[in-house]
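# Secondary and tertiary structure notes
Residue strings, one per chain:
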Amino acid sequence: MRTNPNPLTAVRNLGILAHVDAGKTTVTERILYATGTTHRRGEVHDGTTVTDFDPQERDRGITIFAAAVSCAWNGHRINLIDTPGHVDFADEVERSLRVLDGAVAVFDAVAGVEPQSESVWRQADRHGVPRIAFVNKLDRAGADLDTAVASIRERLHPAPLVVQVPIGSESGFTGVVDLLRLRALTWADGSDTAQEGPVPEELREEAKRRRRILEEAVAELHPAALEEFCERSTLAPQTLASALRDLTRSGDGVVVLCGSAYRNRGIEPLLDAAVAYLPSPLDVPAVRGMHDGAEQERPADPEAPFAALAFKVNATATGRLTYLRIYSGTLEKGDTVRDADTRRTERIGRILRVQADRHAQLERAVAGDIVAVAGLKSARAGSTLCAPDAPLVLEPPGVAEPVVSMA
Ligand code: GDP
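For the protein, an unreviewed UniProt entry supplies the name Elongation factor G and the organism Streptomyces luteolifulvus. Under the Subcellular location (unreviewed entry) heading, UniProt states for the protein: "Cytoplasm". Comment text from UniProt for the protein, heading Sequence similarities (unreviewed entry), reads "Belongs to the TRAFAC class translation factor GTPase superfamily. Classic translation factor GTPase family. EF-G/EF-2 subfamily."

In structure tokens, the structure reads:
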């Protein structure tokens, strides 16, 4: 019998978390480029990055205002929610953490864990957001994956699970060994696409040693992996991959990858890992909200009553755009929705999927999705929009703390 998988299993609502300057904007740019969402690489220093919509942002060269961008990778849709890395925007970080299902934490390979990386990490812990880590800037003088991983272990998480070995170092950093498949991925100068090949001779022993460390760490944390490890004293790649997925989603382990976003090295394996390990909207607990003093649960089901959280409102040249995370139900163009704060109803104008600097118009959007809506007058960041006959409040006004812990 043919199964028809729920299309939501192929959606990833992700954020990129980082200390300012670790390379979040550059990683985002390279993801958009690698997924064919943009056709030229933007550079932070010349103000051409695509995620930085706002002129103030361009001027400051840091990402202040969250925006959501959609891209496609290997049959999956990744909605990238840009989370502000600056500590002054803690409320925006909180709100963006609420609407994502998983995150990539970016670290600088020279600086390792920095104070802001720690505070954003703790916020993500409180929201139960599963994460993978990307140690960036391996091309910099003084970059060292092991030291960065040690700082992750000491300051953030006891179980970093390193799945790659860098090939070359500093300006000679040319690729990574994938420890699951024991294959090398290298990027030739000027090429944006990885070449796959055998592990270089001089790294074979090192790769085997690291694979062993990874297997032991995984076996220690995952019962099924432990069983297989005890029986066969090794783990098959499929067992490793599914254990890494479980450990990421439960928060018991953090998969660590590495690369250089600036040189466009390591982005494709990062996307593969994000899709493989981080959860879809169906893999996270149903959201809960309040109505008449009672808590209600809303599943990620297109047939359930509509409920969405507005997490960002942007004034753009074409009008006001409200970014929504749809938690349950279906939203169609022309629908009437109720703003749970103001108790007013509003009509939905255009529904848009933001793809870098372009907007795709949609007829409808369903639970689990992230879209922008044009035409809403009163909704603000933090407003719940719901079906008029099924009211719900996801975030009480003036309260930055979430109603729900997704842990
Ligand atoms: P954000 O503040 O976290 O968004 O960081 P940016 O993406 O703006 O990067 C901060 C600076 O680091 C910029 O000058 C980037 O060009 C530079 N940068 C980002 N990634 C890399 C990298 O992989 N290697 C090197 N050497 N520099 C990088």
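Attention now moves to the overall build of the protein. The number of helices and strands found in the protein is nine helices and 23 strands. Relative to its full complement of 407 residues, the protein shows a buried share of 55%. For the protein, long-range pairs separated by at least 24 residues make up 67% of all intrachain contacts whose partners lie at least 6 apart in sequence. Accessible surface computed for the protein: about 17,100 Å², of which carbon and sulfur atoms make up 50%.

Time to look at helix α8 (residues 237–250). Helix length check: α8, at 14 residues, gives a terminal C-alpha distance of 20 Å against a target of 20 Å (1.5 Å per residue), a fit within 8%. Listed as buried for α8 are T239, L240, A243, L244, L247 and T248. One side of α8 carries all its buried residues, which in axial view fall inside an arc of 160°. Of the surrounding secondary structure, the elements contacted by the buried residues of α8 are β5 (131–136), β6 (160–162), α6 (204–221), α7 (223–232), β11 (254–258) and α9 (267–277). A positive backbone phi angle near 80° is found at G251, which sits one or two residues after α8.

Our next topic: the site of the ligand. In the vicinity of the ligand, 16 residues are found, and the nearest of them are D21, K24, T25, T26 and D139. Note that an oxygen atom of the ligand is positioned 3.0 Å from one of the backbone N or O atoms of G23. Between a nitrogen atom of the ligand and a side-chain N or O atom of D139, the distance comes to 2.7 Å. In isolation the ligand has 570 Å² of accessible area, and contact with the protein removes 84% of it. Per-element accounting of the shell around the ligand gives the leading share, three residues, to helix α1 (residues 24–34). Considering only residue class, the shell around the ligand consists of five nonpolar, six polar and five charged.

Every buried residue of α7 is listed here: A225, E228 and F229. Seen from one end, α7 has its buried residues packed into an arc of 100°, which puts them on one side. Of the exposed residues in α7, those oriented more than 90 degrees away from the buried face are P223, E227, C230 and E231. Where α7 is buried, its residues touch α6 and α8. Within two residues after α7, S233 carries a phi angle of roughly 50°, on the positive side.

Enumeration over the complete set of coordinates arrives at 30 salt bridges. Across the pair K137 and D108 runs a salt bridge whose closest N-O atoms are separated by 3.6 Å. With a gap of 29 residues between them, K137 in the loop between β5 and α5 (145–155) and D108 in strand β4 (residues 102–108) connect regions that are remote in the sequence. Residue K137 shares its accessibility class with D108, and that shared class is buried. The shortest N-O distance in the salt bridge between E228 and R232 comes to 3.2 Å. Of the two residues, E228 and R232 both sit in helix α7, four residues apart, roughly one turn of that helix. Residue E228 is classed as buried on the basis of its relative accessible area of 16%. According to the relative accessible area criterion, R232 is partly exposed, its value standing at 47%. Beyond isolated ion pairs, a larger network of salt bridges with shared partners links E118, R122, D125, R131 and R155.

Take the environment of L257 next. Position of L257 relative to the elements: it lies in strand β11. L257 has contacts with I132, A133, F134, V135, V163, Q164, P269, L270 and A273, leaving out every residue within four places of it along the chain.

Further remarks concern the sheet that holds strand β1 (residues 11–18). Sheet strands pair by backbone hydrogen bonding; their relative direction is either parallel or antiparallel. On the basis of which strands lie adjacent, the open sheet formed by seven strands has the order β2-β3-β1-β4-β5-β11-β6 and mixed pairing. Edge strands, defined here as strands with exactly one partner in the open sheet, are β2 (68–73) and β6. Strand-to-strand twist of the sheet, defined as the mean angle between neighbouring strand axes without regard to direction, takes the value 30°. One ladder, built from six bridges, connects β2 with strand β3 (residues 76–82); its direction is antiparallel. Across the sheet, residue S70 finds its bridge partner in β3, namely N79.

Moving on, we get to the side chain of D178. Looking at the element boundaries, D178 is found in strand β8 (residues 175–178). Engagement of the side chain of D178 in a polar contact is seen with the backbone nitrogen of L180, the distance being 2.8 Å. Setting aside residues up to four positions removed in sequence, D178 forms contacts with V163 and R183.

Taken across its five residues, β11 has five buried, putting it largely inside the fold. Here β11 shows a buried face lined by V254, V256 and C258 and a second buried face lined by V255 and L257. The sheet contact formed by β5 and β11 spans three bridges and is parallel. Looking at the pairing, V135 lines up with C258 of β11. As paired strands, β6 and β11 are joined by three bridges and run parallel to one another. The residue of β11 that forms the bridge with L161 is V255.

About the thresholds
Residues numbered from 1 in each chain as written. Predicted model: local features only at pLDDT ≥ 70, side-chain atom pairs only at ≥ 80, totals over all residues. Heavy atoms only, no water. UniProt positions renumbered as here; feature names shortened; annotations may be inferred. Helix = DSSP H or I, 4+ residues; strand = E, 2+ residues; numbered from the N terminus. Buried < 20%, exposed > 50% of the residue type's maximum accessible area, 1.4 Å probe, protein only. Contact = heavy atoms within 4.5 Å. Areas by Shrake-Rupley, 256 points an atom, 1.4 Å probe, with all protein chains shown as cover. Expected span 1.5 Å × (residues − 1). Arc of directions from axis to C-beta. Near = heavy atom within 4 Å. Polar contact = N/O pair within 3.5 Å; in protein donor to acceptor, adjacent residues only side chain to side chain. Nonpolar A, V, L, I, M, F, W, Y, C, P; charged D, E, K, R; others polar. Salt bridge = Lys/Arg side-chain N within 4 Å of Asp/Glu carboxyl O. Pairing = 2+ DSSP bridges. Axes fitted to C-alpha atoms, helices over the stretch in contact; angles between N-to-C directions.

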